[in-house]
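# Residue-level structural notes
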Amino acid sequence: MADWYFRGGPQQSNLKKCPGCGNLVRSGEEFCPYCAKRLRAEGGLRGAARAVLSRPDGVTRILIGTIVAVFLLQMVADFSLPADLRNRGGGGLWSLLTANMVTYIRMGSNFHPYVAMYHEYWRFVTSCFLHFGLIHILFNCWAFWDLGRLAERLWGGKQVYATFILTGIVGSATSFGYAMLIGAPKNSAGASGAICGILGLLLGAYYRNRYYVGEYLGSQLIRWAVMILVFGLVAGADNGAHIGGMVAGGVLGYFLPPTDRSKTLARDTKIWNGLTGLALVLFLVSVLFAVVFFAHGALYAVSVR
């Protein structure tokens, strides 16, 4: 240890070991003078955000938290509808806590007629955070909790965020394109397209390097893919979004493998940084459009504009 650090006579009782590099540092230091690791926890919202993001599954937690928060807002918005628009129809377990279609359209669901007529492509993003009832959101959160944490440990938080948003957009666009092609437009929502994008990211890396991912994990991923597609057929979910998101994620996973297996790390890092920035801009712009649309009111959402 450098002599200058003890000049002035700090007592041994005023020193502690840095958890990053193991050197002794003063107890009051905010950062370690050797490895620059933060030694004092930040308070307030910034500190809480930094603590979450520092976790190996921080972005997965934030995205799941956002999905749950939007679900609660969706319920509040549904109860605030005018009385003559509250008839939900249906019933049973599958429709438990399902909002009125007007609420979904107001909050940015992938309502194909409006995308086609008014070019509201921002719905490709916002629809990824809306869900048709309790069973829908529970299944998607369970799948994302399992797959998102795994992907985040292999790639990192920004890669998972970029994959979630961008493959979610591709999934929504695929759903829209297929529905319009067969002449059956509908109202689509849910994170499953983006979750299939995360699954595709893992599958792409698996087919690029099976030894790294492992045969057992690879077989688990394939079972997840089959289960999601079968569930889509049985429950009438949007397999167009599932397939579109999975293919987009597969391309990312194959050509941008986990960083410790990448032979072009500098190039891959630049690409991921660009994709993350693009995803963040698209998310913020889409939310802004959704807020403006919602502010026009329920009658505006269902009127012919």
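Just so you know, these numbers come straight off a predicted model, no measurement behind them.

With that out of the way, let us pick up the overall build of the chain. Each helix and strand counted, the chain has 13 helices and four strands in total. Residues classed as buried in the chain amount to 45% of the 305 residues present. Nonlocal contacts in the chain, meaning residues at least 24 apart in sequence, comprise 67% of its contacts between residues at least 6 apart. Of the roughly 15,600 Å² of accessible surface on the chain, a fraction of 66% belongs to carbon and sulfur atoms.

With that out of the way, let us pick up the packing of aromatic side chains. Using the criterion set out here, one finds 15 aromatic pairs in the structure. Ring centres of Y104 and F132 lie 4.6 Å apart, and the angle between their planes is 70°; on these two criteria the pair is classed as edge-to-face. Pair noted here: Y104 is in helix α3 (residues 101-107) and F132 is in the loop between α5 (123-126) and α6 (134-154), with a separation of 28 residues, a long-range link. In this structure Y104 comes out as buried when scored by relative accessible area, which is 0%. Owing to a relative accessible area of 22%, F132 belongs among the partly exposed residues under this scheme. Members of the aromatic cluster, each reached through a chain of ring pairs, are W122, F289, F293 and Y300. The cationic tip of R123 hangs over the ring face of F293; the distance from NZ or CZ to the ring centre is 4.7 Å. The ring centre of Y254 lies 5.3 Å from the NZ or CZ of R208, which sits over that ring.

The terminal C-alpha atoms of helix α11 (residues 239-255) lie 24 Å apart, and with 17 residues this matches the ideal 24 Å at 1.5 Å per residue to within 8%. For α11, the buried fraction is high: 12 of the 17 residues fall into the buried class. Burial in α11 covers these residues: N239, G240, A241, H242, G244, G245, M246, A248, G249, G250, L252 and G253. The backbone nitrogen of G240 has a side-chain oxygen 3.2 Å away, supplied by the residue at the start of α11, namely D238.

Another aspect to go through is unusual backbone geometry. Of note, L97 is a non-glycine position whose phi angle comes to about 65°, a positive value. Note on L97: relative accessible area 40%, which makes it partly exposed. In the Ramachandran plot, H119 falls in the positive-phi region, its phi being about 55° despite a non-glycine side chain. By the element assignment, H119 lies in the loop between α4 (112-118) and α5.

Let us look at the pattern of salt bridges. Taken as a whole, this structure holds four salt bridges when the rule is applied. One salt bridge in this structure joins E120 and R123, with 2.7 Å as the shortest N-O distance. Judged by relative accessible area, R123 falls into the buried class, the value being 0%. Here R267 and D268 are joined by a salt bridge, their closest N and O atoms 2.7 Å apart. Relative accessible area serves as the criterion here: at 2%, D268 is assigned to the buried category.

What follows is about the environment of G65. In this fold, G65 is placed in helix α2 (residues 58-79). A residue is classified by how much of its surface remains accessible, and G65, at 36% relative accessible area, is partly exposed. G65 sits 76 residues away from C141 along the chain, and the two C-alpha atoms are 9.4 Å apart.

Counting through the fold element by element, L138 comes out in helix α6. Through-space distance from the C-alpha of L138 to that of V68 is 9.5 Å; in sequence the pair is 70 residues apart.

Rules used throughout
- Residues numbered from 1 in each chain as written.
- Predicted model: local features only at pLDDT ≥ 70, side-chain atom pairs only at ≥ 80, totals over all residues.
- Heavy atoms only, no water.
- Helix = DSSP H or I, 4+ residues; strand = E, 2+ residues; numbered from the N terminus.
- Buried < 20%, exposed > 50% of the residue type's maximum accessible area, 1.4 Å probe, protein only.
- Contact = heavy atoms within 4.5 Å.
- Areas by Shrake-Rupley, 256 points an atom, 1.4 Å probe, with all protein chains shown as cover.
- Phe/Tyr/Trp six-rings, centres within 6.5 Å; stacked < 30°, edge-to-face > 60°.
- Lys NZ or Arg CZ within 6 Å of the ring centre and 35° of its normal.
- Expected span 1.5 Å × (residues − 1).
- Polar contact = N/O pair within 3.5 Å; in protein donor to acceptor, adjacent residues only side chain to side chain.
- Salt bridge = Lys/Arg side-chain N within 4 Å of Asp/Glu carboxyl O.

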